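What the coordinates show
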Amino acid sequence: MRRLALLLVLPLVGLVLPATAAQASPTDAAFNPGTGTLNVDYAGYLSKHDIVYNRPNTTPGNGLTVGNGRTGAMVWDQNGITAQVSGVDLAEQSTYAAGNINLQTTPALSSGSTGYQQRLSLYDGLLSTKYADGRTVTILGQPGSETMGVHVDDNRTNVTAVSFDLSLWDMSTVTNIADVPNLTTWKTVSTFADSTGAGLSRGQADPNNFGYTLAATVEGTPFSTKVVNGTDVRLTITPSSSYTIWFTAASRLDAANHDSLSAARSQLSAVKSSGYTAVRSSYQNFWHGFWQKSFVQYSNSAGDADYLENVYYLATYMIAAGGYGNYPVHFINGVFRATGDQSKWSNGYWYWNQRDVYNSFLASNHPDLLKTFNNLYSRNSAALKSFTQSYQGIAGLWVPETMGWDGNARGTTGSDYTKGIMSTGTEAAYNMYLQYRYTNDTNYLSSTAYPFMRDVVAFYSKKLSYDSANNRYYMANSNAHETYWNVQDAITDLAAVRLLFPLTISASQTLGLDADQRAGWQNIVDHLAPYQVSNGAYLPHDPPIAQTRNNENVASELIWPYDRTGIGAPDQQTAVNTWNARPFPYGNVWANDAVQAARLGLGDQAFSGMKTMLQKYQNYPNGLTANTNGVFEYLGVHLTAMNESLLQSYNDKIAVFPAAPTDSTFNGKFTLLAKDGFLVSSERESGETKYIGIKSLYGKQATVVNPWAGQQIRVRRASDNAILATTTAATISFATAANTVYVVERVAKPLTSYASTRLTGSANQGPKSLRNTASTLGLPGGSTTAGTFNDSAATYDANWYLTTNRGYGDYNDDTHHTTTNGAAAQFTFTGTGIQLLSERNGDMGNADVYLDGVLQQNVNFYVSGARQAQQVVYSKTGLASGSHTIRIVSRSTSVVIVDAFKVS
């Protein structure tokens, strides 16, 4: 399955920590019984999570991200404003990106500017770059389309030229990483330039009807166009105080007659007619409505929980910004990258990876996003059934773990890692069933989810072997996912049967279908081989344990996503033992350990697990990763882990704060969606859960876990304060009416004993860091020209750690250190000389120092005797004036420290 964070801490300022949330008092509550949700000033609250760059970012990988749901742009500063544009429906598995755009003015936008701030406003969905003296560039999109815009406000009177280029990279370097049937068409580019605009078309002969046109036009000022060369077209724009450049990545797939060029022209004409003001209003309203579907607060006094909350909102934005296309956001390709067509694992959608990206969105009340993922499988059900018959010899439905856009299994059947995986179909079917349970869409159940479920059950019914002597069904040979090959009774198969068969029986009863099949399905469940246990923990398959082939914690899959155990389950301790004994803790960018910890009620472990995943994988100040096994999985896992820490309903019981950290300063608040359409709100502060608010969307029966063990609780209908039930039991059940609000509260301390409040916040103005890690969000002000720069001005691979308040005499009293061989740090500066400052001590090792990619020397940090601080361990002068990069690569498992850099 399948660089670097940056934070400049200016002298005298100290470490920048996340701004803490708007703290409510333990004596007040934000629940609004009228709406059945928390009372939140979303504009103010989300503004504290904006990502802010206070200096121009010239590194493409650090580019900020902006998207409209189908098309996205990753933006950085290079000869003006530069971005790579991508779209979800442009190529098979979104492999080939649309191209680059570049906006330049003469003089440059930054010329003579004494101020700079680039802000990704999450609430509005806007990316705005503000220079001094009334210069602002705002990037936005048109919702429900493939069109985006670059709006320029520039009050300067001395601008003599403005240009906007659309370009592609060297087409000779394009390789077939997407299993495309015709690579030539993806290396072939056609151009146009006329009075309406200019553009590039590619993939126009793709037999699968993929391909696209990247094109642009201008609103608000005259312009001309020309073809610069075969991969570059230019719009030359008459300078004006205000104008908008509209661009689109129009896909053939979604275009009438698969004519992307005509679609691009039509889209640009339409958006230009609508005008910037109307489109901006529509775009902001789209994002405002999106955010108001749910709410999460996860904070503490130290600020590290607030950082996790910031990532929660940023990750939600980045996935949703590409989540409304015809095809799902690919776990690596997505719509945000700055690497041209270069990508990895692009020949299919790995379900293991894709589920991480998408499975949080039911709880956050965005089932339409999960539906995009589910549609990939449901639309291909006929092809999958046909292939199952020919490949497996079974009349049923087998889903290849690695599946192409059209249901093909070419990435699976040729791989020993994946060809033996049988359980993917259950995961796909279960997600469809959950879509029904959260939306109450019985039409979807009958037309889509149930037929898929039934066909997967039919596959397993035939695939399982039967031991007549012991009256037992078992899986004779399969893979326990990618890690254990050709084993008996893979735990994933046993869990798949125990999960899906009962749900299919229940759905068949609901729909009045297949009554003659139910007894046979139940018989298999009743006589299925048991899970194997050793040392009190589940095994991934029948012993002896096979050779390990991949770093997956397969036995923990019982906990999530198969939902077979958790808090209060008879085997909870066995599940905890299994999780504690997992062989690969946080072993890759798709690791879901923190989700499973939350399911087991291990709140502190879930909290530390979310931090560990960011420490290991969040390398860039835009929230993204340098890990080439994936880009968006760890962000999706983060969303699910936080949701599951705050609310669980997988077992048909609503449990609030089931995995809250034990930190007494933890402050948690949420409005999230539970199964059967219950919008659940609650607040926890100073170790106390205040109440549970429930808005029933569909009038289902509700069962709520009593969070105040042993205390008397009651259910009160908010509209008339009628008391519907009272108990001291562990759970309370009650009937609900659709669109009605209920409050579950302690009799001794009801909701009315709390004062009413509204949650808000103030706009973030700078970078943030995750305590004791190298993970940061945002960039500080200042430049990297002559002067002394703190260690936090560098960028770091995983396995570097920030320590503060050291007391040894280090610059700014902090350092970054590593004990990992191969871990690298990097600093880009402008000047003619560089000095690297570090400590020297008896416990320290050595590192290679590179300058502009060339190895300079191996530096030994060891010294006997007393520790020495602010030592110049490497120095270089006489460089050509300009930009240079120093890179420090640890070459031992002893300590290597980066303290500061002196630039001359």
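Criteria and cut-off values
- Residues numbered from 1 in each chain as written.
- Predicted model: local features only at pLDDT ≥ 70, side-chain atom pairs only at ≥ 80, totals over all residues.
- Heavy atoms only, no water.
- 1 Å grid on protein atoms, 1.4 Å probe; cavity = no way out; pocket = protein on both sides within 12 Å on 5 of 7 lines; lining within 4 Å.
- Points joined across faces, edges and corners; volume = space filled by probe spheres on them.
- Helix = DSSP H or I, 4+ residues; strand = E, 2+ residues; numbered from the N terminus.
- Nonpolar A, V, L, I, M, F, W, Y, C, P; charged D, E, K, R; others polar.
- Buried < 20%, exposed > 50% of the residue type's maximum accessible area, 1.4 Å probe, protein only.
- Pairing = 2+ DSSP bridges.
- Expected span 1.5 Å × (residues − 1).
- pLDDT = per-residue confidence, 0-100.
- Contact = heavy atoms within 4.5 Å.
- Core = buried A, V, L, I, M, F, W, Y, C linked by side-chain atoms within 4.5 Å.
- Axes fitted to C-alpha atoms, helices over the stretch in contact; angles between N-to-C directions.
- Left-handed = near helix turned anticlockwise from the far one by under 90°.

**Things to note about empty space enclosed by the protein**
Computed from the structure, the largest cavity encloses a volume of approximately 310 Å³. Asn-359, Leu-434, Trp-560, Arg-599 and Glu-644 are, among the 27 residues lining the largest cavity, the residues nearest its centre. The element contributing the most residues to the lining of the largest cavity is helix α10 (residues 424–439), with six residues. Of the residues that constitute the lining of the largest cavity, the class distribution is 14 nonpolar, eight polar and five charged.

**Examining the pairing of strand β47 (residues 834–840)**
Taking burial as the measure, the seven residues of β47 include six buried ones, the bulk of the element. Of the strand pairs in this sheet, β47 and strand β50 (residues 868–876) are connected by six bridges, and their pairing is antiparallel. Considered in β50, the bridge of Leu-836 is made with Tyr-874. Direction of pairing for β47 relative to strand β53 (residues 900–903): antiparallel, over a ladder of four bridges. Directly across from Gln-835, in β53, lies its bridge partner Lys-902.

**Comments concerning the pairing of strand β12 (residues 147–154)**
In terms of residue burial, β12 counts as a mostly covered element, since seven of its eight residues are buried. Alignment of strand β11 (residues 135–141) against β12, held across seven bridges, turns out to be antiparallel. Residue pairing for β12: Ile-139 is matched across the bridge by Val-150. Hairpin connection of β11 to β12: five residues between the antiparallel strands, including Gly-144 at a positive phi of 75°. When β12 meets strand β19 (residues 242–251), the two strands line up antiparallel, connected through seven bridges. Each bridged residue has a counterpart across the sheet, and for Gly-149 the counterpart in β19 is Trp-246.

**Digging into helix α12 (residues 491–511)**
Helix length check: α12 (21 residues) gives 30 Å between terminal C-alpha atoms against 30 Å at 1.5 Å per residue, within 8%. Of all 21 residues in α12, 16 are buried, a share of seventy percent or more. The positive-phi residue at the C-terminal boundary of α12 is Gly-512, with phi of around 70°.

**Some details on the confidence of the model for the protein chain**
In this model, the protein chain carries a mean pLDDT of 94, and residues with pLDDT of at least 70 account for 97%. Note that residues 1–24 has pLDDT below 50 and, in this model, 111 contacts with residues that lie over four places away or in other chains.

**Concerning the nonpolar core**
In a soluble, globular protein the nonpolar side chains are often hidden away together inside. Ranked by size, the top nonpolar core spans 241 residues in total, and within it Leu-103, Phe-164 and Tyr-377 carry the most contacts. Per element, the largest residue contribution to this core is 12 residues, and it comes from helix α5 (residues 304–320). The contact partners of Tyr-377, leaving out residues within four places of it in the chain, are Tyr-349, Tyr-351, Leu-384, Val-399, Met-403, Ala-428, Met-432 and Phe-452. Of all hydrophobic cores here, the second largest spans 29 residues; its members include Phe-827, Val-859, Ile-886 and Phe-901.

**Comments concerning the sheet that holds strand β13 (residues 161–167)**
The sheet built from seven strands is open, its strands ordered β5-β6-β7-β8-β13-β18-β17 with antiparallel pairing. Looking at the sheet topology across the chains shown, the edges are occupied by β5 (64–67) and β17 (223–229). Taken pair by pair, the neighbouring strands of this sheet meet at an average axis angle of 20°, ignoring direction. Taken together, the five bridges between strand β7 (residues 81–87) and strand β8 (residues 99–106) define a ladder with antiparallel strand orientation. Bridge assignment links Thr-82 to a residue of β8, and that residue is Asn-102.

**Let's talk about the packing of helix α7 (residues 367–378) against α10**
Interaxial distance between α7 and α10 falls to 10 Å at its minimum, and their mutual angle equals 145°. As α7 packs across α10, the resulting crossing turns out to be left-handed. Contacts between α7 and α10 involve Pro-367, Leu-370, Lys-371, Phe-373, Asn-374, Tyr-377 and Ser-378 from the former and Ala-428, Asn-431, Met-432, Gln-435 and Thr-439 from the latter. A class-by-class count of the residues in the contact of α7 with α10 yields six nonpolar, five polar and one charged.

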